[in-house]
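Residues per chain are reported as follows:
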Amino acid sequence: MNRSHRHGAGSGCLGTMEVKSKFGAEFRRFSLERSKPGKFEEFYGLLQHVHKIPNVDVLVGYADIHGDLLPINNDDNYHKAVSTANPLLRIFIQKKEEADYSAFGTDTLIKKKNVLTNVLRPDNHRKKPHIVISMPQDFRPVSSIIDVDILPETHRRVRLYKYGMEKPLGFYIRDGSSVRVTPHGLEKVPGIFISRLVPGGLAQSTGLLAVNDEVLEVNGIEVSGKSLDQVTDMMIANSRNLIITVRPANQRNNVVRNSRTSGSSGQSTDNSLLGYPQQMEPSFEPEDEDSEEDDIIIEDSGVPQQIPKAVPNTESLESLTQIELNFESGQNGFIPSNEVSLAPVASGTNTEFETHAPDQKLLEEDGTIITL
Amino acid sequence: MMKFRFRRQGADPQREKLKQELFAFNKTVEHGFPNQPSALAFDPELRIMAIGTRSGGVKIYGAPGVEFTGLHNDTATVTQMHFLPGQGRLLTLLDDSSLHLWEIVHQNGCAHLEEALSFQLPGRLGFDGASAPPSLTRVTVVLLMPAADMAALGTEGSSVFFLDVTTLMLLEGQTLGPDEVLCSLPDDYRCGKSLGPVESLQGHLRDPTKILIGYSRGLLVIWNQAARCVDHVFLGNQQLESLCWGRNGSTVVSSHSDGSYAVWSADAGRSPTLQPAAATTPYGPFPCKAINKILWRNCESGGHFIIFSGGMPRASYGDRHCVSVLRAETLVTLDFTSRIIDFFTVHSTQPEDEFDDPQALAVLLEEELVVLDLQTPGWPAVPAPYLAPLHSSAITCSAHVANVPTKLWARIMSAGEQQSPQPASSTSSWPITGGRNLAQEPSQRGLLLTGHEDGTVRFWDASGVALRPLYKLSTAGLFQTDCEHADSLAQAAEDDWPPFRKVGCFDPYSDDPRLGVQKVALCKYTAQMVVAGTAGQVLMLELSDMPSEHAVSVTSVDLLQDREGFTWKGHERLSPRTGPLPWAAGFQPRVLVQCLPPAAVTAVTLHTEWCLVAFGTSHGFGVFDYQRKSPVLARCTLHPNDSLAMEGPLSRVKSLKKSLRQSFRRIRKSRVSGKKRATTASSKLQEANAQLAEQACPHDVEMTPVQRRIEPRSADDSLSGVVRCLYFADTFLRDAAHHGPTMWAGTNSGSVFAYALEVPAAAACGEKRPEGAVEAVLGKEVQLMHRAPVVAIAVLDGRGRPLPEPYEASRDLAQAPDMQGGHAVLIASEEQFKVFTLPKVSAKTKFKLTAHEGCRVRKVALATFASVACEDYAETCLACLTNLGDVHVFSVPGLRPQVHYSCIRKEDISGIASCVFTRHGQAYPGFYLISPSEFERFSLSARNITEPICSLDISWPRSVTRGSYRPQESPKLSQANGTPSIILASQSCDGSPDPAHSKGTDTSEPPEAMLSPMSIDSATSADTTLDTTGDVTVEDVKDFLG
């Protein structure tokens, strides 16, 4: 299991935690109660106070254990920053109007030749021109490569986010045969391949799928032994949150696990999220985020709304306790695998998310929860 | 490689045991007429009949309920079958020239059929020589000589081999080669030509040593097997088709390829007979087709019957399938609608009797079996108690109603009897009466309803092994169709020579495709039913015991609801006949609702307590109050961009079908005008199939491999508005405090509409509801995000049980539902099952079948499964059939997978489309079509299985040592072994395979009905309209074509 953070980890400094905050050329040092970090807005006020910039809109970032500059803009990532700071929480503050958005993300601090990250990542000195676009939270990812740490390098697990957009998924699959190495030598086995990408479709625009890639899994379920029609049906059934594991026909562009894994906690990152580091576990569940899958209900008032999750009632408790138990092990730092919606958004949504999270478990009822 | 760990509910041993007690999958019996029959045999002593099929199947039938089934290891056509009379043994000849000996073996008191021996004629044999090509030894005819336990095999190479039947060993020394025969022939007849294949072998009834051998060239020889010499020769010159040897041995009848038959006298001493006593071409003088088979039967009352098939004038009636029955001056040409396979007469076979005295003639046709009573003047047809041609008109939908109340059963029976009065005389009863049915009288009555293309609904008794026709309801009489000429056709045929007589009920021609029945629903408590058809007609009928004459109220409902921009390009609606019409006793129409546009009805449901019927088409759905005869609701579900829905018939296959039908109709018309049919129906069909295949895969696609587009369903897919299911429920829709009538509709695009209905409440239960308008208010609308078609909707009560049918609760036939709240609605789509709470619709549980298994849901039903171990224990589960032909069972409301079985081949799309589940308390059968003419019955419950349990009084010589090579354990019984039947245990433990087993043992009474609360609850089963029957969806076709 691959846990990047543990609650209460690094508990050497129990009570307080040192904070070093940098704004322009100025540094401020102060301390925080590690156990009671408070809310982000309080922290934001505190920063404005200690730097004496009460009416200036700023962006707050911190250096995480890999030396990446990550934003703090809601309670969630604030708590994360506090809980992972060891021993020191480094805060970087920029004026919003002057902000260099590209500063955020993986390897960002490295490029600035930050001392801290240079220690951690001595190998990375390449320079790339930064394209300033916008805040990552203004985007929705359309695809991602996930689970790089647990897959063989020859495989690629690609997640396509369909949302409600008009762009077609845009690919076709076909039957074919692939060669496998077996104890009896090489063997030809039937397989499913990507046969065509529709120009302008989602699949093509991501660049992560190509013609003749062999499809190995659809949302965690192996396709070997399944017919083309079955795989088609599985893909369509999962089309709103499609995770396909392929063996790319072109093996030259494979993700090579970089060496920092050895230096750090072995966390995997989601390389594709516009360079945005993944904050939570690389969990992978076929039970996709149900907020996306929700059916729409129109009450007689005529206002459409998403169907909320049911609170368990007594009769289904028996079955539900089973699930609760199942989840106990994964409970540690349970944040739904929603790498996307957790990307910094307005803090208001976070509270709603919190209330959603326990309910989501109830939907995992069908006994096919996949954990890593 | 990453390993996923699936957290399934742990394999709880107790649960596993319970599952075994609840569920078991068995295919029990095949109902209907065997597909593609190819051979027929009759055992006059045991009075059993065997039918062989082109796929190598063997089916033996006796009295109703007596049925044995066997299947050859190779799927070769069964070309001939012969019973060893009285022994329960059957010799079959396949078209690969192998012989197989089948035996009816008693085991545990009930009999079954198993293959005992097989024999393949070796290629290298004495007379044929080593150089003979294999075709020379092909067996053409078989004659059993039971007295000597021998069989004679006639071959293509003019030889006759003899075989010991008990061991299937060739009797080497006895083979009769053509040389032995040739030497007794005059030289001028011999003239160097070969005799041709042996066409016929006939035994002498009284003198077992004599055999009549007919060679293709026309030579007939009476061979004395004991003396090994030729007794007599008849020097025929016409190519021989078949022979019949008269009872006393003095008359030989031969039929020929030119349509003539000849009668030879065998009393003329030793010298060769040169000329027949008489020769006739019955349908001459113009060239005639061959007489394939001829029978000569003499009668005590003087004269004789000559029965032959074929021989029709080649030019004018060469395409007819006819059997001619000639007695003295009376000739009847039986005109069948399908090819004649074989026929036999039921007559006396005692050697000491002077006369044959045929009682009945049984004709096996490609599509049905017809039995004529030859003792009653006019030779009427005897209604068959089984082997009914289910497909007499193509089956378009089916439904099963279990636990039919006895009162309704009796009323349907009497309606059926009035419809086709049983022949009065006792002699004309069914002649095939062998064996005894040991199966208990079924404790529950099951009714199978089949809707047909010609607008009829047939009612079948599906309680037992034999599917018996009960009643036929025709809806065509209500409409004006263009099939009026049918009567004139019949008349025109009558004045003609030959004297045709239409026999049999197989009629694949439907004159108006709009009459086709799409959906059927029957309320077994009120005897009301709704029949919905292809042209949007929804017909409410009510069972009446008296004939009456009344007008039917007609209403049309516009489902487009004034949507602009749509023009229906399909068929017209049917025009109903106006004014009072006479109706026979039985189901009489009361109300006709016609949907506009007149697209085929895709869903229908009935609530007799509220007097409401709901119906849906590809455009929308409506609710109709048939008590007040007023529409309650009409709602359009059509997507604005959907143009395909306005095209009329839903698929290309349908339109092809239509064109086929038109070509059939053309053929039929040409038949009336006396012209020869250009091509046969089957070749037409093949042509059409080829055409379809071509259409489906254009040539350029053949170059690239098959590929599938991956795209989520979108809102504007075509045909998204097709209403797939409709459901009435008394539940909580608007608030948790008040429950009331609701109506639910699900569409092809994953939309669910729920309406709250205001139905004036009945004063007391059982009474009709007071007059007063019914109102419908839209309560909720659910759009499933995955947009898969909604297959079924059901409301579960507070205990998680499905709500009972109308009247079940109020008449104490079912446990009253828990109305204390906590209701939930189960919505089954083609991809997943979901349970939502009510009244606030929120997802409670779900199972994504397609995402996990890659299969789509085709049929769904909720059913109560009773445990074999514990009388009172039962569970309600969701059974579903997928597009891969698997049956899955899920718990309700937890939606946990319980068991799954593979049931139907996934290529068999018509089987999957025709599958019908029933909600049955104990046996839980389902049916699906294995061929156009046969229903396979399967059972999902571990309890009570309907399967043939029967015995036969067999008297083969026990002295023969046979056990040595007979396998002791029967593979055929494996089905029954898995689930020991209660019937077997209680009744047949003493039923040893004793030939003297008295005929009166099957008097044990059926057990008292169990009155445990569970069985009462389970007695509520009926065919819920949950599932959609018999329709081939566009996806099915795509699956198939793709």
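Please read these numbers as outputs of a predicted model, since none were measured by experiment.

What counts as what
- Residues numbered from 1 in each chain as written.
- Chains lettered and ligands numbered in written order.
- Predicted model: local features only at pLDDT ≥ 70, side-chain atom pairs only at ≥ 80, totals over all residues.
- Heavy atoms only, no water.
- Helix = DSSP H or I, 4+ residues; strand = E, 2+ residues; numbered from the N terminus.
- Contact = heavy atoms within 4.5 Å.
- Areas by Shrake-Rupley, 256 points an atom, 1.4 Å probe, with all protein chains shown as cover.
- Buried < 20%, exposed > 50% of the residue type's maximum accessible area, 1.4 Å probe, protein only.
- Patch = residues over 30% accessible without salt bridge, like charges linked within 9 Å, V, L, I, M, F, W, Y side chains within 5 Å.
- Salt bridge = Lys/Arg side-chain N within 4 Å of Asp/Glu carboxyl O.
- Lys, Arg positive; Asp, Glu negative; His and termini not counted.
- Charge placed at Lys NZ, Arg CZ, Asp CG, Glu CD.
- Pairing = 2+ DSSP bridges.
- Axes fitted to C-alpha atoms, helices over the stretch in contact; angles between N-to-C directions.
- UniProt positions renumbered as here; feature names shortened; annotations may be inferred.
- Arc of directions from axis to C-beta.
- Core = buried A, V, L, I, M, F, W, Y, C linked by side-chain atoms within 4.5 Å.
- Phe/Tyr/Trp six-rings, centres within 6.5 Å; stacked < 30°, edge-to-face > 60°.
- Lys NZ or Arg CZ within 6 Å of the ring centre and 35° of its normal.
- pLDDT = per-residue confidence, 0-100.
- Disulfide = S-S within 2.5 Å.
- Polar contact = N/O pair within 3.5 Å; in protein donor to acceptor, adjacent residues only side chain to side chain.

## Concerning the overall build of chain A
In terms of regular secondary structure, chain A is built from ten helices and 15 strands. Partitioning the contacts of chain A with sequence separation of at least 6, the portion at a separation of at least 24 is 62%. Within the structure as shown, chain A displays about 17400 Å² of accessible surface, and the carbon and sulfur contribution to it stands at 55%.

## Topic: the overall build of chain B
Scanning chain B for helices and strands turns up 15 helices and 66 strands. Classification of the 1042 residues of chain B by burial places 60% in the buried group. In chain B, the share of contacts with a sequence separation of at least 24, taken over all contacts with a separation of at least 6, comes to 62%. When the accessible surface of chain B is summed, it comes to about 40000 Å², and 53% of that surface belongs to carbon and sulfur atoms.

## Details of a negative patch on the surface
Where like charges cluster on the molecular surface, the negative patch consists of Glu300, Glu352, Asp353 and Glu354 of chain B. With respect to the helices, strands and loops of the structure, Glu352 of chain B is situated in the loop between strand S27 (340–346) and strand S28 (360–365).

## Brief notes about the sheet that holds strand S63 (residues 916–917) of chain B
Note: strands within a sheet are paired through backbone hydrogen bonds, in either parallel or antiparallel orientation. Residue and element names in this part refer to chain B. Spatially, S2-S65-S64-S63 is the arrangement adopted by the four strands of the open sheet, whose pairing is antiparallel. For this open sheet the edge positions go to strand S2 (23–32) and S63, each flanked by a neighbour on one side alone. Where S2 meets strand S65 (residues 934–941), seven bridges bridge the pair, whose relative direction is antiparallel. When the sheet's bridge partners are listed, Glu30 is paired in S65 with Glu936. Along the sheet, helix H1 (residues 13–22) makes contact with S2 and S65, crossing S2 at roughly 15 degrees.

## So, the UniProt feature "domain: PB1" (unreviewed entry) in chain A
What UniProt calls "domain: PB1" (unreviewed entry) maps, in this numbering, to residues 16–96 of chain A. Between the first and last C-alpha atoms of residues 16–96 of chain A the distance is 29 Å; the span itself is 26% helix and 42% strand.

## So, H1 of chain B
Residue and element names in this part refer to chain B. Along H1, the residues that are buried comprise Arg15, Leu18, Lys19, Glu21 and Leu22. Along H1, the residues classed as buried sweep out an arc of 160 degrees about the axis, all on the same side. When the buried face of H1 is taken as reference, the exposed residues oriented beyond 90 degrees from it are Pro13, Lys17 and Gln20. As for H1, its buried residues are in contact with S2, strand S59 (857–866), strand S60 (874–882), strand S62 (897–902) and S65.

## A few points about the pairing of strand S20 (residues 251–256) of chain B
Residues and elements named next belong to chain B. Burial analysis of S20 places six of its six residues in the buried class, the great majority of the element. The side-chain alternation of S20 yields two buried faces, one formed by Thr251, Val253 and Ser255 and the other by Val252, Ser254 and His256. Sheet topology note: the strand S19 (residues 240–245)/S20 ladder contains five bridges and is antiparallel. Among the inter-strand pairings, Cys244 is bridged to a residue of S20, identified as Val253. If you look at the hairpin formed by S19 and S20, you'll find five residues sitting between the two strands, and Gly249 has a positive phi there, around 85 degrees. Direction of pairing for S20 relative to strand S21 (residues 261–265): antiparallel, over a ladder of five bridges. Within S21, the residue paired with Val252 across the bridge is Trp264. The turn joining S20 and S21, which pair antiparallel and follow one another in sequence, is formed by four residues; a positive phi near 85 degrees is taken by Gly259.

## Some points on the nonpolar core
One recurring pattern in soluble globular proteins: nonpolar side chains tend to sit buried together. Residue and element names in this part refer to chain B. In this structure, Trp744, Phe833 and Leu878 are the most contacted members of the largest nonpolar core, which totals 42 residues. Per-element accounting of this core gives the leading share, seven residues, to strand S55 (residues 790–796). Membership of the second largest hydrophobic core comes to 35 residues, among which are Ala399, Val401, Ala476 and Ala527.

## Description of the UniProt feature "domain: Lethal giant larvae homologue" (unreviewed entry) in chain B
The UniProt entry lists residues 280–380 of chain B under the feature "domain: Lethal giant larvae homologue" (unreviewed entry), expressed in the numbering used here. The distance from the first to the last C-alpha atom of residues 280–380 of chain B is 27 Å, and the span holds 4% helix and 48% strand.

## A closer look at the pattern of salt bridges
Residue and element names in this part refer to chain B. Applying the stated criterion across every chain, the model contains 37 salt bridges over all chains. Residue Glu830 pairs with Arg724 through a salt bridge whose shortest N-O separation is 3.5 Å. Placement of the pair is Glu830 in the loop between strand S56 (824–829) and strand S57 (832–837) and Arg724 in strand S51 (residues 723–731), with a sequence separation of 106 residues. The same class applies to Glu830 and to Arg724, which are both buried.

## Examining a nonpolar patch on the surface
A cluster of nonpolar residues, Val179, Val181 and Leu186 of chain A, forms a patch on the protein surface that exposes about 340 Å² of accessible area. Relative to the assigned elements, Val181 of chain A resides in strand S8 (residues 171–182).

## Section: the sheet that holds strand S22 (residues 278–280) of chain B
All names here are of chain B. A sheet is described by the order of its strands in space; here four strands give the open sequence S19-S20-S21-S22, paired in antiparallel fashion. Both edges of this open sheet fall to S19 and S22, since each of them pairs with a single strand only. Averaged over all neighbouring strand pairs, the angle between strand axes comes to 15 degrees, with direction disregarded.

## A few points about the packing of aromatic side chains
Tallying each qualifying case throughout the model produces 24 aromatic pairs over all chains. Ring geometry for Phe40 of chain A and Tyr44 of chain A: centres 5.8 Å apart, planes at 45 degrees, overall tilted. Taken together, the residues Phe40 of chain A and Tyr44 of chain A, both in helix H1 (residues 40–50) and four residues apart, mark about one turn of the helix. Per residue, the accessibility class of Phe40 of chain A equals that of Tyr44 of chain A, and both read buried. With 4.9 Å between their ring centres and 75 degrees between their planes, Phe23 of chain B and Phe865 of chain B make a pair best called edge-to-face. Of this pair, Phe23 of chain B sits in strand S2 while Phe865 of chain B sits in strand S59; the two residues are 842 residues apart in sequence, bridging distant segments of the chain. Chaining the aromatic ring pairs together yields one cluster made of Phe25, Tyr901, Phe917, Tyr928 and Phe938 of chain B. The aromatic ring of Tyr172 of chain A is capped on one face by Arg196 of chain A, whose charged end is 4.3 Å from the ring centroid. The ring of Phe500 of chain B carries the charged tip of Arg320 of chain B above its face, separated from the ring centre by 4.4 Å.

## Examining unusual backbone geometry
Here Leu838 of chain B and Pro839 of chain B are connected by a cis peptide whose omega angle stands at 0 degrees. Summarising the element assignment, Pro839 of chain B is placed in the loop between S57 and strand S58 (843–848). One non-glycine residue, Asn219 of chain A, adopts positive backbone phi at about 45 degrees. Notably, Lys629 of chain B is not glycine yet its phi reads approximately 55 degrees, a positive angle.

## Section: the confidence of the model for chain B
All names here are of chain B. For chain B, per-residue confidence averages 78 on the pLDDT scale, and residues scoring 70 or more make up 79% of the total. Element-level pLDDT for chain B is lowest in helix H13 (residues 982–987), with a mean of 30, against a maximum mean of 95 in strand S47 (residues 612–616). Across residues 650–655 the pLDDT falls below 50, and counting only partners more than four positions away or on other chains, this stretch makes eight contacts in the model. ipTM for the predicted complex: 0.73, alongside a pTM of 0.73.

## Thoughts on the state of the cysteines
Residues and elements named next belong to chain B. Under the counting rule described, the total for this entry stands at zero disulfides over all chains. Here Cys229 stays unpaired: no disulfide links it, and the sulfur of Cys183, its closest cysteine neighbor, is 11 Å away. Here Cys229 falls in the partly exposed class, since its relative accessible area comes to 27%. The thiol of Cys903 is not disulfide-bonded; the next cysteine sulfur, from Cys915, is found 6.1 Å away. The exposure class assigned to Cys903 is buried, which follows from its relative accessible area of 3%.

## Section: the confidence of the model for chain A
Residue and element names in this part refer to chain A. The predicted model of chain A has a mean per-residue pLDDT of 66, with 53% of residues at 70 or higher. Taking the mean pLDDT of every element in chain A, the minimum, 28, falls on strand S15 (residues 369–371) and the maximum, 92, on strand S10 (residues 214–218). Taken together, the stretch residues 117–122 has pLDDT below 50 and engages in 14 contacts with residues farther than four places along the chain or on a different chain. Counted against residues more than four places away or in other chains, residues 310–372, with its pLDDT under 50, gives 124 contacts.

## As for the environment of Trp102 of chain B
Residue and element names in this part refer to chain B. The residue Trp102 is located in strand S9 (residues 98–107) in this model. Residue class for Trp102 comes out buried when judged on its relative accessible area of 2%. A C-alpha to C-alpha distance of 32 Å links Trp102 and Lys906, two positions 804 residues apart in sequence. Each residue touching Trp102, except ones within four places of it in the same chain, is listed here: Val58, Gly70, Leu71, His72, Gly88, Arg89, Leu90, Thr92, Leu113, Glu114, Glu115 and Ala116. In this structure the side chain of Trp102 is engaged in a polar contact, spanning 3.0 Å, whose partner is the side chain of His72.

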